[in-house]
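Chain residues, written in single-letter form:
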2 protein chains.
Amino acid sequence: MIDLKCQPLTAEAFAQFGDVIEVNGPPHKLINAGKCGRHHDLARLDFRGGRAGISLFNAEIRSLPYILDLMERHPDGSQAFIPMAHVPFLVTVAPDEGDRPGTPLAFMTRAGQGINLHRGIWHGVLTPLHLPGLFAVVDQIGDSANLDEVSLDPPFRVVP
Amino acid sequence: MIDLKCQPLTAEAFAQFGDVIEVNGPPHKLINAGKCGRHHDLARLDFRGGRAGISLFNAEIRSLPYILDLMERHPDGSQAFIPMAHVPFLVTVAPDEGDRPGTPLAFMTRAGQGINLHRGIWHGVLTPLHLPGLFAVVDQIGDSANLDEVSLDPPFRVVP
C-alpha cells in the first residue's frame, strides 16, 4: 500500500482541483460601518443543468492513517464544502488519467478554510477529523445521477 | 429604548423571514457507504439578476445587550449565512411596513444552525457573539447596489 503524505492546503497547490475558500489578505470591501470584511466571490460555481443549492452533510469522524479506497467525481457540477466548526479536515483529490483517478494527493486544511471542488474533479469522500463532522455543501441540485465512482485497488494510506 | 428579547431560532418562527439551515430529523439520503447523511437543499436561493456566489464575511464580535440602530435589505437576492465555528450567533430581522422595517425580532441560533434570508427581508448586520466571527455567505454576485439601509430612531436594545 502506498503512503500519501498530507500537505498543507494552499490556493496555489490546490489550483488545478478547485478553490480554497479562506480569508487571505485584506477584505475586498469593509461593510457594516467597518465592522465586517467581505472577502468576495471566492469559488467558481459551475453547474451543467440543475441549479445551485445549499445542503448539509453530517459525516462520521475519521482519523489518520486513513485508507483511501474510493474516489468519486460529479460531472454536472462543482461542489463546495464549508466546515461549520473551526477545525481542520482532510481533503483527497486526484488528477484525471483516462477517465480514472491518477495518483491522489492529500491536503490538510487549517481551521477556517473551506474548499470548492471544480466540476468533474476526482475526490475522496468527506473526511472530517474532529467533531462535529458538519459541513454546508453548495452543489448542483438536479435530476441527473451526477456521480462517477471508482474503487482504488490497491488503496492508498494517508499519513500525517 | 425598547427591549427585544432573544427567542430561540426555529424553522417555524423564522419561516416568514427565511430558512433555517440545520440538521433537523433524519437525512434525506445516506451517502459515502452510510458514513455521511445528506440533508438536501435547505435554502431557497432567489436572485434577481446576477448569480449565486460564495464569499466570506469576517465580522467583529458583539455582545448582549446589543443596540440595534440600523437595518438593511437586499432587493436583488437572498443571503445565506453559514457560521464556520460551532457557536451561536444573533439574528435580527423585521417585517416590512411600507418600505421600512416594522418592529424587529431577535433570534439566538444554536451551534450548528445557519440561516438563509429570503430576498428583500429587513435584517440587522452580522452579529457573531463568539470568536472567530467567520461566516460563508451565499448571495447575489452582480453589479447592482442591492442594498437599502434604514436607521432606527430610537434604536432597540436586544437582551438575552
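Residues numbered from 1 in each chain as written. Chains lettered and ligands numbered in written order. Predicted model: local features only at pLDDT ≥ 70, side-chain atom pairs only at ≥ 80, totals over all residues. Heavy atoms only, no water.

Caption draft 1: Representation of the packing of aromatic side chains in the model. Enumeration over the complete set of coordinates arrives at 10 aromatic pairs over all chains. One aromatic cluster is present, formed by Phe14, Phe17 and Phe107 of chain A through successive ring pairs. (Phe/Tyr/Trp six-rings, centres within 6.5 Å; stacked < 30°, edge-to-face > 60°.)

Caption draft 2: Region of the structure containing the relation of the copies chain B and chain A. Once chain B has been moved 0.0 Å along the axis and rotated by 180°, it coincides with chain A to within an RMSD of 0.0 Å. As the rotation angle and translation indicate, the two copies are arranged about a two-fold axis. A shared interface surface links the copies, since 100% of the contact residues of chain B are contact residues in chain A too. (Least-squares fit on C-alpha atoms with pLDDT ≥ 70 in both. Contact = heavy atoms within 4.5 Å.)

Caption draft 3: Quick peek at the interface of chain B and chain A. Counting residues at the interface gives 47 residues for chain B and 47 residues for chain A. At the boundary of chain B with chain A, total buried surface from both sides reaches about 3700 Å², with 60% on carbon and sulfur atoms. When the area that chain B buries against chain A is broken down by residue, the three leading residues are Ile54, Leu56 and Met84 of chain B, summing to 19%. Across the chain B-chain A interface, the total number found is six salt bridges. With its nearest N and O atoms 2.8 Å apart, the salt bridge here joins arginine 38 of chain B to aspartate 139 of chain A. Mapped by element, the contributors of at least two residues to the side of chain B that touches chain A are strand S4 (36-39), strand S5 (51-59), strand S7 (79-83) and strand S13 (134-141) of chain B. In terms of residues, the side of chain B that touches chain A owes the most to one element, S5 of chain B, which gives nine residues. Residues belonging to the side of chain B that touches chain A are distributed by class as follows: 24 nonpolar, 14 polar and nine charged. (Buried area = accessible area lost by both parts, 1.4 Å probe. Salt bridge = Lys/Arg side-chain N within 4 Å of Asp/Glu carboxyl O. Helix = DSSP H or I, 4+ residues; strand = E, 2+ residues; numbered from the N terminus. Nonpolar A, V, L, I, M, F, W, Y, C, P; charged D, E, K, R; others polar.)

Caption draft 4: The arrangement of the nonpolar core in detail. Core analysis: the biggest nonpolar cluster contains 22 residues, and Ile21, Ile54 and Ile82 of chain A together with Ile21, Ile54 and Ile82 of chain B have the highest contact counts within it. When contributions to this core are tallied by element, the ones reaching two or more residues are strand S5 (51-59), strand S7 (79-83) and strand S13 (134-141) of chain A together with S5, S7 and S13 of chain B. Ignoring any residue separated from it by four or fewer positions in sequence, one finds isoleucine 82 of chain A in contact with Ile21, Leu134, Phe135 and Ala136 of chain A together with Ile54, Ile82, Met84 and Ala136 of chain B. (Core = buried A, V, L, I, M, F, W, Y, C linked by side-chain atoms within 4.5 Å. Buried < 20%, exposed > 50% of the residue type's maximum accessible area, 1.4 Å probe, protein only.)

Caption draft 5: Representation of the sheet that holds S4 of chain B. Strand order in this open sheet of seven strands is S2(A)-S10(A)-S7(A)-S13(A)-S5(A)-S4(B)-S3(B), and the pairing throughout is antiparallel. The open sheet is flanked by strand S2 (18-21) of chain A together with strand S3 (29-31) of chain B, the only strands paired with a single partner. For this sheet, the mean inter-axis angle between neighbouring strands, taken without regard to orientation, is 25°. Two elements, S5 of chain A and S4 of chain B, share four bridges in a ladder whose sense is antiparallel. Opposite phenylalanine 57 of chain A, over in S4 of chain B, you have arginine 38 of chain B as the bridge partner. (Pairing = 2+ DSSP bridges. Axes fitted to C-alpha atoms, helices over the stretch in contact; angles between N-to-C directions.)

Caption draft 6: Looking closely at the pairing of strand S4 (residues 36-39) of chain A. Residues and elements named next belong to chain A. Side chains Cys36 and Arg38 project from S4 onto one buried face, and the interleaved Gly37 and His39 project onto a second face that is buried too. Where strand S3 (residues 29-31) meets S4, three bridges bridge the pair, whose relative direction is antiparallel. Paired with isoleucine 31 across the strands is cysteine 36, a residue of S4. Joining the antiparallel neighbours S3 and S4 is a turn of four residues, in which asparagine 32 adopts a positive phi near 55°.

Caption draft 7: A look at the pattern of salt bridges. Scanning all chains against the criterion turns up 20 salt bridges over all chains. Across the pair aspartate 3 of chain A and arginine 157 of chain A runs a salt bridge whose closest N-O atoms are separated by 2.8 Å. Pair noted here: aspartate 3 of chain A is in strand S1 (residues 2-8) and arginine 157 of chain A is in strand S14 (residues 148-159), with a separation of 154 residues, a long-range link. Residue classification places arginine 157 of chain A among the partly exposed positions, given a relative accessible area of 31%. Notably, a salt bridge pairs arginine 73 of chain B with aspartate 148 of chain B, separated by 2.9 Å at the nearest N-O pair. Of this pair, arginine 73 of chain B sits in strand S6 (residues 66-73) while aspartate 148 of chain B sits in strand S14 (residues 148-159), and the two are 75 residues apart along the sequence. Overlapping salt bridges, with partners in common, bring together Arg73, Asp96, Asp99 and Asp148 of chain A in one network.

Caption draft 8: Examining the sheet that holds S5 of chain B more closely. Read from one edge of the open sheet, seven strands run S3(A)-S4(A)-S5(B)-S13(B)-S7(B)-S10(B)-S2(B), paired in antiparallel fashion. Across the chains shown, the open sheet's two edge strands, defined by having one partner strand only, are S3 of chain A together with strand S2 (18-21) of chain B. Looking at each pair of strands side by side, their axes are set apart by 25° on average, direction ignored. In this sheet, S13 of chain B lies alongside S5 of chain B in antiparallel orientation, the contact comprising eight bridges. Paired with asparagine 58 of chain B across the strands is leucine 134 of chain B, a residue of S13 of chain B.

Caption draft 9: Region of interest: unusual backbone geometry. With an omega of -10°, the peptide bond between leucine 131 of chain B and proline 132 of chain B qualifies as cis. Take proline 132 of chain B: it is sitting in the loop between strand S12 (127-128) and S13. That bond from aspartate 153 of chain B to proline 154 of chain B is cis: its omega, 5°, falls within 30 degrees of zero. In this structure, proline 154 of chain B sits in strand S14. With a phi angle near 55°, alanine 33 of chain A is a residue other than glycine that sits in the positive phi range. On the secondary structure map, alanine 33 of chain A appears in the loop between S3 and S4. A positive phi angle is found at asparagine 146 of chain A, which is not glycine, with a value near 55°. Positionally, asparagine 146 of chain A belongs in the loop between S13 and S14.

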